[in-house]
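Residue-level listing of the chains:
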Amino acid sequence: MRKLILGIVEFREKMLPHYAEQFNKLALAQTPDALFVTCSDSRVVPDLLASTHPGDLFTMRNVGNLIPPATTDGVSTGDLSEASAIEYAVLVLKVANIVVCGHSECGAMKSVYSRNAKVKSPNLDKWLCHANNAAFRLEQEGPLDGRLKPHDQLSQLNVLVQLEHLMTYPIVRQQVTAGALVLSGWWFDIATGDMYAYERSSRSFEVIDRAMAERMIARLAARAR
Ligand SMILES: [Zn+2]
């Protein structure tokens, strides 16, 4: 906690002067590019990994980067918090992209994979049921990348399952169909610091290096035309 408190003072003294004008503008409105859904894990730091700044990302974090699916009338079958973030991002902020980002060595995925909670955690156990489809898919269809550890194989499939859950929300489905919203699945490897994006054509996560980034940007531009 000492590190956290002193960090506030360090920001205030060293960084705030550089951000003062930006914060002043942002106080009036935000126009983020994307809703970024990721895990609460302390090792996943979106603004560091994506070189993003205040106002760039509307972020929703929870254990396991899960999105409870919606009923046919668009109401979440789980926690309303996730559904509210989706509604706010899509309907009010009108984001053009939603990224679901999983990661390696995810405690939530380890727990789902082993089905063996180390601590008595009734809320967490119930919450993690939203990743059950990913475990089922791993069992039935196998991994996208067999070289990964089993919980990382699950984590990658979980990203795809959560994208499907997103599509159960009518407002998401409508915007995607209208071409106004693009859903992407990303995966962060903590050990190497590499970010991967899911490629439908190769049915695999591919590292976002400069060449991959250019392909992704060209595809987004083509869609926008
Ligand atoms: Zn995690």
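**Considerations on the sheet that holds strand β6 (residues 204-207)**
Consideration 1: Spatially, the 6 strands line up as an open sheet ordered β2-β1-β3-β4-β5-β6, and their pairing is mixed. Two strands close off the open sheet at either side, each with one partner strand: β2 (57-62) and β6. Here the average twist between neighbouring strands, direction ignored, is 30°.
Consideration 2: Sheet topology note: the strand β3 (residues 97-103)/strand β4 (residues 182-189) ladder contains 7 bridges and is parallel. Opposite glycine 102, over in β4, you have tryptophan 187 as the bridge partner.
Consideration 3: In this fold helix α3 (residues 80-92) packs onto β1 (34-39) and β2, with an angle of close to 170° to the strand it touches most, β2.

**A few points about the domain arrangement of the chain**
Consideration 1: Each assigned domain of the chain is listed here: domain 1 (1-30) and domain 2 (33-224).
Consideration 2: One C-alpha centre belongs to domain 1, the other to domain 2; they are set 28 Å apart.

**Focus: the packing of helix α4 (residues 107-114) against helix α7 (residues 150-166)**
Consideration 1: Running from amino to carboxyl end, α4 crosses α7 at an angle of 105°, the nearest separation of the two axes being 9 Å. In terms of their interaxial angle, α4 and α7 are classed as roughly perpendicular. Across from Met109, Lys110, Val112 and Tyr113 in α4, the residues of α7 making contact are Pro150, His151, Leu154, Ser155 and Asn158.
Consideration 2: When its residues are assigned to classes, the contact of α4 with α7 shows 5 nonpolar, 3 polar and 1 charged.

**A look at the packing of α3 against helix α8 (residues 170-177)**
Consideration 1: Contact geometry for α3 and α8: axes closest at 10 Å, N-to-C directions at 35°. For the crossing formed where α3 meets α8, the hand is left-handed. Two secondary-structure elements touch here, α3 through Ile86, Glu87, Val90 and Leu91 and α8 through Ile171, Val172 and Gln175.

**A closer look at helix α9 (residues 210-224)**
Consideration 1: In this model α9 runs 21 Å from its N-terminal to its C-terminal C-alpha over 15 residues, within 8% of the 21 Å that 1.5 Å per residue would give.
Consideration 2: Counted residue by residue, α9 has 0 buried out of 15 residues, so it is predominantly exposed.

**Some points on the pairing of β4**
Consideration 1: Summarising the sheet, β4 and strand β5 (residues 194-199) pair through 4 bridges and their orientation is antiparallel. Looking at β5, one finds that tryptophan 187 is bridged to tyrosine 196.
Consideration 2: What sits between β4 and β5 in their antiparallel hairpin is a turn of 4 residues, with glycine 193 showing a positive phi close to 80°.

Conventions and cut-offs
- Residues numbered from 1 in each chain as written.
- Predicted model: local features only at pLDDT ≥ 70, side-chain atom pairs only at ≥ 80, totals over all residues.
- Pairing = 2+ DSSP bridges.
- Helix = DSSP H or I, 4+ residues; strand = E, 2+ residues; numbered from the N terminus.
- Axes fitted to C-alpha atoms, helices over the stretch in contact; angles between N-to-C directions.
- Contact = placed C-beta atoms within 7 Å.
- Domains from an automatic or database assignment.
- Parallel < 35°, antiparallel > 145°, perpendicular 65-115°, else oblique.
- Nonpolar A, V, L, I, M, F, W, Y, C, P; charged D, E, K, R; others polar.
- Left-handed = near helix turned anticlockwise from the far one by under 90°.
- Expected span 1.5 Å × (residues − 1).
- Buried ≥ 20, exposed ≤ 12 C-beta atoms within 10 Å, placed from the backbone.

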